[in-house]
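# Examining the three-dimensional arrangement
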Amino acid sequence: MIFLTIGTQLPFDRLVRTLDALAPSLDRPIFGQIGKTSYRPRNFEYCEGLQPAAFDKTFQAASTVVSHAGIGTILTARKFRKPLIVFPRQAKHHEHRNDHQLATCNQLRAQPGVHVAVDEQQLKELLLRSSLEPPEEHVALRSRDLLVRRLRHQIDQFIMAGDPATSKSRREGAGCS
Amino acid sequence: MLGVLAISSGGGHWEQLQLVAPSFQEAPAAYATTIEGLAEKYGIKNGYLVPDCNRNRPVDSVRCFLQVFRLVRQLRPAVVISTGAAPGLFGLLAGKVFGAKTIWIDSIANSEKVSMSGRLAGWFADVWLTQWSHLETQSGPRYWGSVL
């Protein structure tokens, strides 16, 4: 099954319409989470939104996920190691306030498992491929560990400084020595 | 006393907030987000729901700000941390008013420039971070790593 998700905030008719046109030529069924869209697909099953638990279940059941270039979906694809095709929202089609999704795609091209399609033709080519490479979890870990370690150190300091009991005992401790 | 209030919109901002959550796992923490059921899905007991908003919807923004403000006044966290967007900015602002230390981590989605909310947070946040090393500057935002 191919899982189409357009995120939680904005409609994305162009992507839904494109997949609807491609659906008859694909060897797998599509299920779409299509948001509050004016376009209704004729060639695959869909729903407006999914509860978080149902969303994860559908995501895990999919062989490939097609989505807008939203960070939530990209992180979820990495978590479940699902090949992801991202189709960025573009400001010129009034799909987002600006073109940050295009910029994200340019940064993502080097990431294994994330496949970028900036137009309908590229999307079709990716979907017709027999297999797509899934993401690797380990590539994220080094830079995330770094961020979390430095944040933890800073937060610990903030909490110690803000806690009257801690700072008082520290002052007394300093007086004794 | 509450150690950390972690606040963000649902979707990608929330996913990123969860990925940095190990940085405050030892502190008493509460969460606030904009999608019902989201905190529960992550096994969080003290999750609070706040209204979603963005700068194109001023009425929602006022309502969101008031609710976030009330929540921060009630919880009095020592630290407020956010990955965005507007509700997170309000959380940091309210935190600042009530004497909390504030941490802004701009979303990884902003790879060309820091978001509008992020730039506003930069005026007052105690820690102001971008997740792209090429966006780091001497005067901030700083780059400490990224979730991606």
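Cut-off values and rules
- Residues numbered from 1 in each chain as written.
- Chains lettered and ligands numbered in written order.
- Predicted model: local features only at pLDDT ≥ 70, side-chain atom pairs only at ≥ 80, totals over all residues.
- Heavy atoms only, no water.
- Helix = DSSP H or I, 4+ residues; strand = E, 2+ residues; numbered from the N terminus.
- Buried < 20%, exposed > 50% of the residue type's maximum accessible area, 1.4 Å probe, protein only.
- Areas by Shrake-Rupley, 256 points an atom, 1.4 Å probe, with all protein chains shown as cover.
- Core = buried A, V, L, I, M, F, W, Y, C linked by side-chain atoms within 4.5 Å.
- Phe/Tyr/Trp six-rings, centres within 6.5 Å; stacked < 30°, edge-to-face > 60°.
- Pairing = 2+ DSSP bridges.
- Axes fitted to C-alpha atoms, helices over the stretch in contact; angles between N-to-C directions.
- Parallel < 35°, antiparallel > 145°, perpendicular 65-115°, else oblique.
- Left-handed = near helix turned anticlockwise from the far one by under 90°.
- Contact = heavy atoms within 4.5 Å.
- Buried area = accessible area lost by both parts, 1.4 Å probe.
- Salt bridge = Lys/Arg side-chain N within 4 Å of Asp/Glu carboxyl O.
- Polar contact = N/O pair within 3.5 Å; in protein donor to acceptor, adjacent residues only side chain to side chain.
- Nonpolar A, V, L, I, M, F, W, Y, C, P; charged D, E, K, R; others polar.

### Some points on the overall build of chain A
Counting its regular elements, chain A contains seven helices and six strands. If you list the helices and strands of chain A from N to C, you get β-α-β-β-α-β-α-β-α-β-α-α-α. Burial analysis of chain A (177 residues in total) assigns 47% to the buried set. By element, 50% of the accessible surface of chain A is carried by carbon and sulfur atoms, the whole surface being about 9,100 Å².

### A word on the nonpolar core
In this structure, Leu151(A), Phe24(B), Ile81(B) and Ile103(B) are the most contacted members of the largest nonpolar core, which totals 47 residues. Residues Leu2(B), Ile7(B), Cys53(B) and Val114(B) belong to the second largest nonpolar core, which totals 25 residues.

### A word on the packing of aromatic side chains
Per the stated rule, a full pass over the model turns up 12 aromatic pairs over all chains. When the centroid spacing of 6.0 Å and the interplanar angle of 80 degrees are considered together, the rings of Phe3(A) and Phe59(A) count as edge-to-face. Highlighted residues: Phe3(A) in strand β1 (residues 2-5) and Phe59(A) in helix α2 (residues 52-61), separated in sequence by 56 residues. The burial state of Phe3(A) is the same as that of Phe59(A); both residues are buried. Ring geometry for Phe24(B) against Tyr31(B): centres 6.1 Å apart, planes inclined by 45 degrees, an arrangement best described as tilted. Judged by relative accessible area, Tyr31(B) falls into the buried class, the value being 10%. Put simply, the rings of Phe3(A), Phe31(A), Phe55(A), Phe59(A) and Phe80(A) touch in pairs and so form one group of aromatic residues.

### Points about the sheet that holds strand β4 (residues 64-67) of chain A
Within a sheet, neighbouring strands are paired by backbone hydrogen bonds and run either parallel or antiparallel to one another. All names here are of chain A. With parallel pairing, the six strands of this open sheet are ordered in space as β3-β2-β1-β4-β5-β6. Unpaired on one side and paired on the other, β3 (45-47) and β6 (114-116) mark the two borders of the sheet. Strand after strand, the sheet turns through a mean of 20 degrees between neighbouring axes, direction not considered. As defined by bridge partners, β1 adjoins β4 across four bridges and the pair is classed as parallel. For Leu 4, the partnering residue across the bridge sits in β4 and is Val 66.

### Observations concerning the packing of α2(A) against helix α3 (residues 71-80) of chain A
Residue and element names in this part refer to chain A. As a packed pair, α2 and α3 sit with axes 10 Å apart at the nearest point and diverge in direction by 60 degrees. The pairing of α2 with α3 is recorded here as oblique in orientation. Crossing geometry of α2 relative to α3 is assigned as right-handed. Contacts between α2 and α3 involve Phe 55, Asp 56, Phe 59 and Gln 60 on the former and, on the latter, Thr 73, Thr 76, Ala 77, Lys 79 and Phe 80.

### Some words on the interface of chain A and chain B
Quite often, the size of an interface is put as the accessible area lost when its parts meet. Contacts between the two partners involve 34 residues from chain A, matched on the other side by 48 residues from chain B. Counting the surface lost from both chain A and chain B, the interface buries some 3,300 Å², and carbon and sulfur atoms represent 66% of this. On inspection of chain A and its partner chain B, the count reaches one salt bridge. The tally of links between chain A and chain B comes to eight residue pairs in polar contact (both at pLDDT 80 or more). Secondary structure elements with two or more residues in the side of chain A that touches chain B: α2, α3, α4 (100-108) and α6 (138-162) of chain A. If you tally residues by element for the side of chain A that touches chain B, the top one is α6(A), at 14 residues. Classifying every residue of the side of chain A that touches chain B by side-chain character gives 15 nonpolar, 12 polar and seven charged.

### Some details on the sheet that holds strand β7 (residues 142-143) of chain B
Residue and element names in this part refer to chain B. With parallel pairing, the seven strands of this open sheet are ordered in space as β3-β2-β1-β4-β5-β6-β7. Of all strands in the sheet, those bounded by a partner on one side alone are β3 (47-49) and β7. The pairing of strand β2 (residues 29-33) with β3 spans three bridges and is classified as parallel. Note on β3: the bridge partner recorded for Ala 32 is Tyr 48. Of the strands in this sheet, β1 (4-7), β2, β4 (79-82) and β5 (101-105) touch helix α1 (residues 12-20), which is tilted by about 165 degrees from β2. Helix α3 (residues 58-75) contacts β1, β2 and β3 of the sheet and is inclined by roughly 150 degrees relative to β3.

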